[in-house]
Amino acid sequence: MNKNTGQSGVFPLFKGVPLRRILVALFVLQIFLAVGLTGYLSIRNGQKAVNEVASELRYEVANRVEQNLQAYLSTPRQVLRGNQNIIDIGLLKMENLATWELYLIKQLEIFPDAVVLTASNEQQEHLGVEKLNDRQYLLRKADKSTGSDLYTYKIDSLGQRTQLPEVIKNYDARSRPSYQAAVTAKKFSFSQIFTSITEPTLLISASQPIYDSQGELLGVNSTLTHLSQIGDLLQNIKVGKSGQVFIIERSGLLVASSTTEEPFRLQNGKPIRLAASQSGNAFTQASAKYLETKFSNFDQIQSLQQLDFSFDGKRQFLEIRPLQGEPNVNWLIVVAVPEADFMGQIDRNTQTTIFLCLGALGLATLLGIIAARWITVPILYFSTATKDLADFTKVEDSVAIQGIKEVEVLGESFKEMMQHLRKTFTAQITKNEELELQVKQRTQELQQEIQERINSQQKLEQHNRALAELTNHKAISEGNLETAFKIITEKAANALEVERVGVWLFNRDRTKLQCISLYERSNQKHSAGVERDRADYPIYFKSLTSARIIAVTDTSTDLRIQELWDEQLEPKNIVSLINTSIWVGGEVVGTVLYEQIDIPRIWELSEQSFVSSIAEFVALTLEVCDRKSAESALREAEEAAEVANRAKKTFLVNMSHELRTPLSSILEIAEALQNEVYGTVTAEQRQFLNTLESSGKNLLGLLNQILELTDIESSKIQLQLAATSIPELCDSSLSFVKNLALQKNIQLSVQIPEELEPIEVDERRIRQVFINLLSNAIKFTHDGGKVWIEVQPTSTNEYIFFSVVDTGIGMLSDDLFQLFQPFVQVENASTRRSAGTGLGLVMVQKIVELHGGTVHAESQLGKGSRFTVKLPWKKVREEEVMINY
């Protein structure tokens, strides 16, 4: 047997190549790899050093920028905190802003970063000082002396007014966004960055709400500063040779930059905020676009990020970090440095390294040629001597090779090796014959295994076909039990190749198993009706409910089914069986029984999985049947409810017609008797007539409310929505109950914010709601009390609240849940004296819910009640942009 060495791997590539060339190539390759690896490590270490230096530089620059920003932003906090301290010790008072004028001017001189300082109080007074230059200021003042108008003066550093004022009528600083934002925050806070309307610059304001020792709001103190000073700070920070520092908001808008570029552009003479990705500076723009690509949302940046990217084919270092220290100043500091600022000297060293490597490679090539010639000459002699050794008969011939000691030893070893190969070759022939016999035997075994697998695959395909046919069968999807069970048992028996398959279900009290469908495969016959009592087979019944599958190979020995052996199994020669439990609604409702006759059978896992699937089909059929029955019952119930609803409506309409006529006659007769049309009426008779008239009117009102409530519940009322004035709606509702209030000397009023936009409602229905609530409030309020309407929108203006409040008798909180129940009135000494149908609040709730709103009641016994109607008002509007302080 021949054995070729060196025929795998890379060696076939050198076939036919002289050894001399191979040795030279390998020698040169080793030198090239050594020198190349040295040069590579040198360059890599240089690159690593550059990265470390650049990382430290970016980190230190970002630290310095962050410290400067924190110092810059702390100035407004110090100014406002100092003012708070002065107010606390009583040197300044928020109730008298006239004493603040010279103080604010001096503060602007002490803190040059501030542009404007203002103070506003809850008495609608406002004082603001704005720095024009080192010697001139603008004073804005609104107080009682100006009639709440805002006067603007030009003043000098001594507070002398040098110019006639500009006037803004009815100025209320409490309605300004900066004032409301400070009151809402209840603490020191910065505003969003905004553009000035007087000059091309960016501004930011800081506000501090002022409270007294009892926590009552006195007013708001604010500052306004330019952001251009941040750009001046950044320009004084050097980042390498050509690096940059810029600051952006989370939205991507530019705040300041170390370049001379302004963070805005002028459009029609007005400054417009500039996004960093739209910067005129190419490096700033490229850095910002890379960050937008890297982070789809800048809100994801919560910690320091050191990155690098390519710009104009060159690598750039980038660091971005969130500004810490001011929670409501959500800025990002970006430091960008080109790699070229650090790589100049390293590139020159790299060129020197490459020239030295090329010189070393040339010298190594020359030495390799010389060494290869010295090694290959004796090997050529050895090669010539071994060409005749293909035949083992020449092994004894001598091989004379001289020149290199190792090659001479190799010749002697070669001769001994050939002798050993002859013996090995003979033994190998014998071994091959034995292996061929083993391979033949193993081939036969594999063929048998393959045939068994083919049979298993055919069974599995047969099972899958049966399951697929059951899946698409109409009887199962429609819950037709009789047809479905016949199909299931027949398909299961044929697919599993067993004699009998039966579906057995428990009766209602689970004392019996009843055979619903039994299929016998040999004669293709279906039957049913056999029963098994739990009392006769307790162990078997317990096994069914405790295990999902009972697989029995030998029925004569398995204890779980021994109770069936004498009467059920042995007479029919059933030697093997398998039971699968049917689970519906979390409990066993029956079993599917498979019976094998004559030849015992070991149930494979695939067969057990198949019978489990059949049990699931049976359970599915039962569930579908139950669902169909439930749907039918539901339809019948809905039809009965509709008939009952129509009958109720017809009854109410007929009742209204039948009762209105006699009620109208009774009321007309009562009125005629009261007017003494038929003669004089005594005081006692007049009292009875008044009671008769009052009862008749209450009964007539009850009929009207019942009919209207029925229309609402049957969705027959269509709302006529239209834009409705909120003040007019409240006033008109109060006018309806004005006479009732006059009779009890009750004071009516309305509390409503100014300039509310209209609301889309059915005006008549909502007025009916308010009239019902107002009437109830007047009814249960003592003489001389108060009833009023409060209107209050939500902070987002999405909803608006209408509250009817009274100072009446009130009620217990435990009784509130009964208020909106029809024909129910809360019982106490006062309510028993007040007539009512118990439908008014039900009507209120139904009408409000038709508008998409809710009704809420609050009450305290002896102190009054509050009924609040919440209605949709308008969509949330965007906040107005703050353009001034």
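Our structure's up above, just so we're on the same page.
As a convention, each chain's residues are numbered from 1 in the sequence order in which they are written. Where totals are concerned, whole chains, interfaces and linings use all residues; where local detail is concerned, this predicted model gives features only for residues with pLDDT of at least 70, and gives and counts side-chain atom pairs only at 80 or more. Think of the side-chain values as coming from all heavy atoms in the structure, minus any hydrogens and water.

J.: Break down the sheet that holds strand β25 (residues 747-751) for me, with residues and values.
T.: Across the sheet, which stays open at both edges, the 5 strands sit in the order β25-β27-β28-β30-β29 with mixed pairing between neighbours. Two strands lie at the open edges of the sheet, namely β25 and β29 (854-860), each paired on one side alone. Pairwise comparison of adjacent strand axes, ignoring direction, gives a mean angle of 15 degrees for this sheet. Pairing between β25 and strand β27 (residues 786-793): 5 bridges, direction parallel. Bridge assignment links Gln751 to a residue of β27, and that residue is Glu790. Contact criterion: two residues are considered in contact whenever any of their non-hydrogen atoms come within 4.5 Å of each other. Whenever a helix is involved, its axis is fitted only over the stretch in contact; in every case the axis is a line through C-alpha atoms, and angles between N-to-C directions fall within 0 to 180 degrees. The helix and strand labels rest on DSSP assignments: H or I over at least four residues marks a helix, E over at least two residues marks a strand, and numbering proceeds from the N terminus. Of the strands in this sheet, β25, β27 and β28 (799-806) touch helix α14 (residues 726-736), which is tilted by about 170 degrees from β25. At least two bridges found by DSSP between two strands are what make those strands a pair.

J.: Describe helix α2 (residues 101-110), with residues and values.
T.: Exposed residues in this analysis have more than 50% of their type's maximum accessible area, buried residues have under 20%, and partly exposed residues fall in between, with area computed by a 1.4 Å probe over protein chains only. Listing the buried residues of α2 in full gives Glu101, Leu104, Ile105, Gln107 and Leu108. On an axial view of α2, the arc spanned by its buried residues comes to 160 degrees, and they lie on one face. Taking the helix axis as origin, the arc is that swept by the directions to the C-beta atoms.

J.: Hey, could you go over the packing of aromatic side chains for me, with residue numbers and the actual values?
T.: Aromatic rings from Phe, Tyr and Trp, taking only the six-membered ring of Trp, are treated as a pair when their centres fall within 6.5 Å; an angle between ring planes under 30 degrees marks them as stacked, one over 60 as edge-to-face, and anything in between as tilted. For the coordinates displayed, the defined rule picks out 8 aromatic pairs. Residues Tyr151 and Tyr153 carry aromatic rings whose centres are separated by 6.3 Å and whose planes lie at 20 degrees to one another, so their mutual orientation is stacked. Classification of Tyr151 by relative accessible area gives partly exposed; the value is 23%. Ring geometry for Tyr290 versus Phe309: centroids 5.0 Å apart, planes at 15 degrees, classification stacked. Here the residue Tyr290 occupies a position in helix α5 (residues 282-294), and Phe309 occupies one in strand β14 (residues 305-311), the gap between them amounting to 19 residues. Ring pairing ties together the aromatic residues Phe506, Tyr540 and Phe541, which thus form one cluster. The positively charged end of Arg161 is found above the aromatic ring belonging to Tyr153, 4.3 Å away from the centroid. The criterion for a charge sitting over a ring is simple: Lys NZ or Arg CZ within 6 Å of the ring centre, and within 35 degrees of the ring normal. In this structure, Arg321 packs its charged tip against the face of Tyr59, placed 5.0 Å from the ring centre.

J.: I'd love a proper account of the packing of helix α16 (residues 763-779) against helix α17 (residues 840-850), names of residues and values included.
T.: Their axes nearest at 9 Å, the elements α16 and α17 cross at an angle of 150 degrees. In this structure, α16 crosses over α17, and the sense of that crossing is left-handed. Taking contact as the criterion, the partners of Arg765, Ile766, Gln768, Val769, Asn772, Leu773 and Asn776 in α16 are, on α17, Gly840, Leu841, Met843, Val844, Ile847 and Val848. Among the residues forming the contact of α16 with α17, the class breakdown is 8 nonpolar, 4 polar and 1 charged. With the far helix as reference, a near helix turned anticlockwise by less than a right angle produces a left-handed crossing, and one turned clockwise produces a right-handed crossing. Here the term charged refers only to Asp, Glu, Lys and Arg, the term nonpolar to Ala, Val, Leu, Ile, Met, Phe, Trp, Tyr, Cys and Pro, and the term polar to all other amino acids, Gly among them.

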